[in-house]
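Here is how the chains run, residue by residue.
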Amino acid sequence: MEHQAYQPVLPCVNKYLQYRWDKNCYEMHRNKVKSSKPTINTTPPKTYNHILVKQKKRQLEEERVSRITRENNLLLDKMSHIMKTSGGVDCKNDYVKKSLGSEKRQQELLRITKENQCILQRLSTCRPLYSVHVWHEQWLKNLQLMDTIGRYPSLHTAHGSSLPPISADRHGIQKKKTARNEHELSKEDQI
């Protein structure tokens, strides 16, 4: 009886048939709307187990736990050993420190020591080529030549310099009077 109350949009001969046709079109439309796929994908992305589980992190954590467990077991063994025994300190080193090249270095040192002793013996037994006495005589001759050649009177004597050493000047020590110094002072007084 719904077809009698139905008012079609377009004029028709039979209201009943028009109602059925329109109802079928509407049902087909509703089915198409229900079965249609969206143009925009709003579903969440696909999740992968190997990304969520993180095997590397789990492996590192297991290694850390196993290392801690091993260290704890070692500590427990040490503590039980201390409890069973007197608990004395056993940190003494009984081994002798050895080097692989110690014998070679010792032989090299002995060889160098022997060579040095031989060189020292040769130096102590050889006679000098230069004579200190001859040098001293030559120096005295040079001083005499400088006195004869020099224009002004020299400050040194035949036995050495008349000037005091540098350290004596610095400490304010007076010069020693020599015969030559007195002679020079007397010449200055005469002028």
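What counts and what doesn't
- Per chain, residues are indexed from 1 in the order of the written sequence.
- The predicted origin of the model limits local features to residues at a pLDDT of at least 70 and limits the giving and counting of side-chain atom pairs to 80 or more, whereas totals for whole chains, interfaces and linings rest on all residues.
- Note that water and hydrogens are dropped before the side-chain values are worked out from all heavy atoms of the structure.
- The helix and strand labels rest on DSSP assignments: H or I over at least four residues marks a helix, E over at least two residues marks a strand, and numbering proceeds from the N terminus.
- Partly exposed describes any residue whose relative accessible area lies between the buried limit of under 20% and the exposed limit of over 50%, with all areas from a 1.4 Å probe on protein chains only and scaled to the type maximum.
- Residue contacts follow a heavy-atom distance rule, with two residues in contact if any of their heavy atoms lie within 4.5 Å.
- Using a 1.4 Å probe, the Shrake-Rupley method yields the accessible areas, and only the shown protein chains count as cover for residues.
- Note on aromatic contacts: the rings of Phe and Tyr and the six-membered ring of Trp form a pair at centre separations within 6.5 Å, being stacked when their planes are under 30 degrees apart, edge-to-face when over 60 apart, and tilted otherwise.
- Any carboxyl oxygen of Asp or Glu that lies within 4 Å of a side-chain nitrogen of Lys or Arg is treated as forming a salt bridge with it.
- A patch consists of residues whose relative accessible area exceeds 30% and which take part in no salt bridge; residues with like charges are grouped when within 9 Å of each other, and nonpolar side chains (Val, Leu, Ile, Met, Phe, Trp, Tyr) when within 5 Å.
- As used in this structure description, the phrase polar contact means that two N or O atoms lie within 3.5 Å; if the pair is within protein, one of them must be able to donate a hydrogen and the other to accept it, and residues adjacent in sequence are counted only when both atoms belong to side chains.
- Each residue after the first adds 1.5 Å to the expected span of a helix.

Trainee: How would you sum up the overall build of the chain? Please name residues and give values.
Mentor: Secondary structure assignment for the chain yields eight helices and two strands. Secondary structure elements in the chain, listed N-terminal to C-terminal, are α-α-α-α-α-α-β-β-α-α. Looking at the chain residue by residue over its 191 residues, the buried ones come to 6%. Sequence separation of at least 24 residues holds for 12% of the intrachain contacts in the chain that already meet a minimum separation of 6. Only carbon and sulfur atoms are counted for the fraction: they give 58% of the accessible area of the chain, which is about 19700 Å².

Trainee: If you had to explain the packing of aromatic side chains to someone new, which residues and values would you point to?
Mentor: Inspection of every chain in the model, using the stated rule, returns two aromatic pairs. With a centroid separation of 5.3 Å and an interplanar angle of 65 degrees, the aromatic rings of Y6 and Y19 are classed as edge-to-face. On the criterion of sequence distance, the pair formed by Y6 in the loop between α1 (2–5) and α2 (15–35) and Y19 in helix α2 is long-range, its members being 13 residues apart. The exposure classification of Y6 matches that of Y19, with both residues buried.

Trainee: Go over the pattern of salt bridges, please, and point to the residues and values.
Mentor: Proximity of charged atoms lets side chains of opposite charge pair with each other. Summed over the entire model, instances satisfying the criterion amount to three salt bridges. The salt bridge partner of E61 is R64, with a shortest N-O separation of 2.8 Å. Here R64 and E61 lie together in helix α4 (residues 55–84), a separation of three residues that amounts to about one turn. Via salt bridges that share partners, E108, R111 and E115 belong to a single interconnected network.

Trainee: Can you lay out a nonpolar patch on the surface for me, pointing to particular residues and giving the numbers?
Mentor: A contiguous nonpolar patch, built from L129, Y130, V132 and W135 and spanning about 570 Å² of accessible area, is present on the exposed surface. Residue position: L129 is located in the loop between α5 (102–125) and α6 (132–149).

Trainee: Just give me the short version of the environment of R64, but keep the residues and values in it.
Mentor: Residue R64 is classed as partly exposed on the basis of its relative accessible area, which comes to 39%. There is a polar contact of 2.8 Å between the side chain of R64 and the side chain of E61.

Trainee: Tell me what's going on with α2, and back it up with residues and numbers.
Mentor: Compared with the 30 Å implied by 1.5 Å per residue over 21 residues, the 30 Å span of α2 between its first and last C-alpha is a close match. The N-capping residue of α2, defined by a side-chain oxygen 3.1 Å from the backbone nitrogen of Y16, is N14.

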